[in-house]
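Architecture at a glance
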Amino acid sequence: MPVEVTWWGHATCTVEDSGVRVLTDPLFARRLAHLRRRRGAPPPPEAAVADVTLVSHLHADHLHVPSLARLAPGTRVLVPRGASAQVPGLRRLGRLRLTEVAPGDRVRIGDLVVRVVPARHDGRRLPVGPHRSPALGFVVEGEARTYFAGDTGLFPSMAEEVGPVDVALLPVGGWGPYLGEGHLDAGRAAQALARLMPRSAVPVHFGTYWPIGMDAVRPHEFHAPGAEFARLAARYAPGVRVHLLSHGESVRPEVAR
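Quick notes on the rules
- Residues numbered from 1 in each chain as written.
- Predicted model: local features only at pLDDT ≥ 70, side-chain atom pairs only at ≥ 80, totals over all residues.
- Heavy atoms only, no water.
- Axes fitted to C-alpha atoms, helices over the stretch in contact; angles between N-to-C directions.
- Helix = DSSP H or I, 4+ residues; strand = E, 2+ residues; numbered from the N terminus.
- Parallel < 35°, antiparallel > 145°, perpendicular 65-115°, else oblique.
- Left-handed = near helix turned anticlockwise from the far one by under 90°.
- Contact = heavy atoms within 4.5 Å.
- Nonpolar A, V, L, I, M, F, W, Y, C, P; charged D, E, K, R; others polar.
- Phe/Tyr/Trp six-rings, centres within 6.5 Å; stacked < 30°, edge-to-face > 60°.
- Buried < 20%, exposed > 50% of the residue type's maximum accessible area, 1.4 Å probe, protein only.
- Polar contact = N/O pair within 3.5 Å; in protein donor to acceptor, adjacent residues only side chain to side chain.
- Pairing = 2+ DSSP bridges.

Where an unreviewed UniProt entry is consulted, the chain appears under the name MBL fold metallo-hydrolase, with the organism given as Streptomyces cynarae.

Now the structure itself:
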């Protein structure tokens, strides 16, 4: 069966490969603190069906305990090393199979191998305090090699650390009018694409959540990143096919045979 990618919004995707359903950074809420979902309905119940869930870092829009609580009992969840100590709410999810991982780890799920790779991002749960949990990316290796970057900035060894991939799920924006250090905007994501050179790419982490009361503040940062990434990718990595998905839309990207 061809590999299929569904984008549910923000950094939440389902990757189906080799009969295994992989869910990334599930966030099913209409509202999270000062953020509200401005585009796309919240994901339907089938979005929470997964054999394994990948959590890239501890920020609440990526490790969202109420969304993890919607997963079926026994679902395998890979979280950054130290997450259980940093996020007490994880301890209430005893019916899930939590596994703490770090860059360099490899985890087999059915016919897939999930390879854990570094990211350049502040992985702390809170904006202050010790930095004890790494931010992660993941490469899902089955019929295809699919890179889920989580949240990351560009870094010199990105291509070497990630390795050859067929599909890249890259963040191209955020949830506010400004992106700080350790993020990819559309331009930096296009540069990352030129380093990785997959066959296909799907832009994520844009156009879903926005701060309440800030609709008129730099609205292009909400609406434009996906299309801007596609435009710049055609310049920097013209051999890569970009799939600009709507919320809930799926694609079967071309992969090497």
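Quick notes on the packing of helix H4 (residues 186-196) against helix H6 (residues 225-236)
Where H4 meets H6, the axes come as close as 8 Å, and the angle between the chain directions of the two elements is 40 degrees. Put simply, H4 runs oblique to H6. In this structure, the crossing between H4 and H6 has a hand that is right-handed. Residues Ala186, Gly187, Ala189, Ala190, Leu193 and Ala194 of H4 form the contact with H6, whose own contacting residues are Pro225, Glu228, Phe229, Leu232, Ala233 and Tyr236. A per-class count over the contact of H4 with H6 returns ten nonpolar, one polar and one charged.

Things to note about the packing of aromatic side chains
In this structure the tally under the stated criterion is two aromatic pairs. Relative to Phe206, the ring of Trp7 has its centre 5.2 Å away and its plane inclined at 15 degrees; by these criteria the two rings are stacked. You can see Trp7 sitting in strand E1 (residues 4-9) and its partner Phe206 sitting in the loop between strand E14 (200-204) and strand E15 (209-211), a full 199 residues away along the chain. Here the aromatic rings of Trp210 and Phe222 are separated by 5.5 Å at their centres, their planes lie at 75 degrees, and the arrangement is edge-to-face. A residue pair is termed long-range when its members are at least 10 positions apart, and Trp210 in strand E15 and Phe222 in helix H5 (residues 220-223) qualify at twelve residues.

Side note on the side chain of Glu4
Tracing the backbone shows Glu4 in strand E1. Exposure remark for Glu4: the relative accessible area of 18% places this residue in the buried category. Separated by 3.2 Å, the side chains of Glu4 and Arg252 make a polar contact. Apart from the residues within four sequence positions on either side, Glu4 is in contact with Thr14, Val15, Glu16, Ser250, Val251 and Arg252.

Brief notes about the sheet that holds strand E2 (residues 12-17)
As summarised here, the arrangement of the seven strands in space is E8-E7-E6-E3-E2-E1-E17, forming an open sheet in which the pairing is mixed. Whereas interior strands pair on both sides, the edge strands pair on one side only; in this sheet they are strand E8 (97-101) and strand E17 (249-251). Neighbour to neighbour, the strand axes of the sheet diverge by 20 degrees on average, direction disregarded. Pairing analysis gives three bridges linking E1 to E17, with the strands arranged antiparallel. Looking at the pairing, Thr6 lines up with Ser250 of E17.

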